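What the coordinates show
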Amino acid sequence: MRVLIVKTSSMGDVLHTLPALTDAMHAMPGIRFDWVVEEGFAQIPTWHPAVDKVLPVAIRRWRKNWFSAPIKAERAAFYQALRAENYDLIIDAQGLIKSAALVTRKARGIKHGLDWNSAREPLASLFYNRRHSISKQQHAVERTRELFAKSIDYQKPTQQGDYAIARHFRATVPSDMEQYMVFLHATTRDEKHWPESNWRDLIQLMHKTGLAIKLPWGANHEHERAIRLAEGFDNVEVLPRLPLEQVAKQLAGAVAVVSVDTGLSHLTAALGRPNITLYGPTDPGLIGGYGENQHELRGAGKNMANITAADTFAALQKISHLATE
């Protein structure tokens, strides 16, 4: 059986889809998947053993110059690749009008998706041949696992979902590598940032453990923040700008991770690394870290500044058995 997945973004949503593929792989031996995903996240599906082909789409970029000749040519090439295969079935796990109209509708095969009451945008359900009722009162990973089970027709497993990518990355970690932690300090919204003074207080507390700390970054302003956080500390390394797969390798080798609410926090969960995610204005609710060793600290009054370095360090001690001098 060959199945097309339409799950284009965001990073967390794409990662949250992986356990459903693992369920299907075990329930239906020989099943193979192709996957339509935004070009910026195209590496992620390749890490799963059940995925054959990734079809990168660039809706975010295309819409800026939708009618320009180069973009029209890109779209034409994408649709040619999309329609080259007649799939046994198509699962639209996005539940949005945009992806349903621009991708799912044009693919060849029986189209499955969320019904009117289950989809994030109910009108998207009109583009599906088979519509499934999925309760919204469960974690996003479990919703997707249920959608796949109903679409492909197998019993959804009762045990916790398996992303099936940790083993690949852990195999690349040298056994004699120096022990370290990763601090994920960058996120998209200002109110989701933890104050730099709090980060530096935590780094100071970490000094007594003897562990190195690595700071990844993606944009120039994040690089500047990382440099400020590391200033004066000999145990902190500001990493070079890395592609997503190399960031994943760094996370896979970490003793533990401290993160703000960001896509890389979900990648940490997918890799099975102990992680403390700091939440302020956002509610982790049904979209927070999924998997073993995932913990959260929430700021009183939804204020990130109310999460102290001391509380975060104490939480780290519990999950990673830190030794102090």
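Read on for an overview of the structure. None of the values given here were measured: they were computed from a predicted structure.

Looking at a positive patch on the surface
Taken together, the side chains of Arg60, Arg63, Lys64 and Lys98 define a basic patch exposed on the protein surface. Overall, the relative accessible area of 53% leaves arginine 63 in the exposed class.

Some details on the nonpolar core
Phe33, Ile44, Phe148, Ile152 and Leu267 are the most contacted members of the largest nonpolar core, which has 53 residues in total. Among the elements that line this core, the one with the most residues is helix α1 (residues 11-27), at seven residues. When residues no more than four places from it in sequence are discounted, the contact partners of isoleucine 44 are Met11, Val14, Leu15, Leu18 and Leu244. Counting residues in each nonpolar core, the second largest holds 27 residues, with Phe183, Trp194, Leu202 and Ile319 among its members.

Some details on the pattern of salt bridges
A side chain with one charge may pair with a side chain of the opposite charge, provided their charged atoms come close. Per the counting criterion, the structure on display carries 15 salt bridges. Here aspartate 13 and arginine 120 are joined by a salt bridge, their closest N and O atoms 3.6 Å apart. On the criterion of sequence distance, the pair formed by aspartate 13 in helix α1 and arginine 120 in the loop between β5 (111-114) and β6 (130-132) is long-range, its members being 107 residues apart. For arginine 145, the salt bridge goes to glutamate 142, with nearest N and O atoms at 3.2 Å. Of this pair, arginine 145 and glutamate 142 both sit in helix α6 (residues 140-152), three residues apart, which is roughly one turn of the helix. According to the relative accessible area criterion, arginine 145 is buried, its value standing at 1%. You can call glutamate 142 buried: its relative accessible area is 15%.

Focus on the packing of aromatic side chains
For any two aromatic rings, the description comes down to two numbers: the centre-to-centre distance and the angle of the planes. Per the stated rule, a full pass over the model turns up seven aromatic pairs. Centroid distance phenylalanine 33 to phenylalanine 148: 6.1 Å. Interplanar angle 40°. Geometry classified as tilted. Remark: phenylalanine 148 occurs in helix α6 and phenylalanine 33 occurs in strand β2 (residues 32-38); sequence separation between them is 115 residues. The interplanar angle of 65° and the centroid separation of 6.0 Å between the aromatic rings of tryptophan 62 and phenylalanine 78 together place this pair among those described as edge-to-face. Of this pair, tryptophan 62 sits in helix α3 (residues 59-62) while phenylalanine 78 sits in helix α4 (residues 69-82), placing them 16 residues apart in sequence. In this pair, the class of tryptophan 62 matches that of phenylalanine 78, namely buried. Clustering of aromatic rings is evident, with ring pairs tying together Trp62, Phe78 and Tyr79. Between the NZ or CZ atom of lysine 214 and the centre of the ring of tyrosine 180, over which it lies, the distance is 4.0 Å.

The rules behind each value
- Residues numbered from 1 in each chain as written.
- Predicted model: local features only at pLDDT ≥ 70, side-chain atom pairs only at ≥ 80, totals over all residues.
- Heavy atoms only, no water.
- Patch = residues over 30% accessible without salt bridge, like charges linked within 9 Å, V, L, I, M, F, W, Y side chains within 5 Å.
- Areas by Shrake-Rupley, 256 points an atom, 1.4 Å probe, with all protein chains shown as cover.
- Salt bridge = Lys/Arg side-chain N within 4 Å of Asp/Glu carboxyl O.
- Lys, Arg positive; Asp, Glu negative; His and termini not counted.
- Charge placed at Lys NZ, Arg CZ, Asp CG, Glu CD.
- Buried < 20%, exposed > 50% of the residue type's maximum accessible area, 1.4 Å probe, protein only.
- Core = buried A, V, L, I, M, F, W, Y, C linked by side-chain atoms within 4.5 Å.
- Helix = DSSP H or I, 4+ residues; strand = E, 2+ residues; numbered from the N terminus.
- Contact = heavy atoms within 4.5 Å.
- Phe/Tyr/Trp six-rings, centres within 6.5 Å; stacked < 30°, edge-to-face > 60°.
- Lys NZ or Arg CZ within 6 Å of the ring centre and 35° of its normal.

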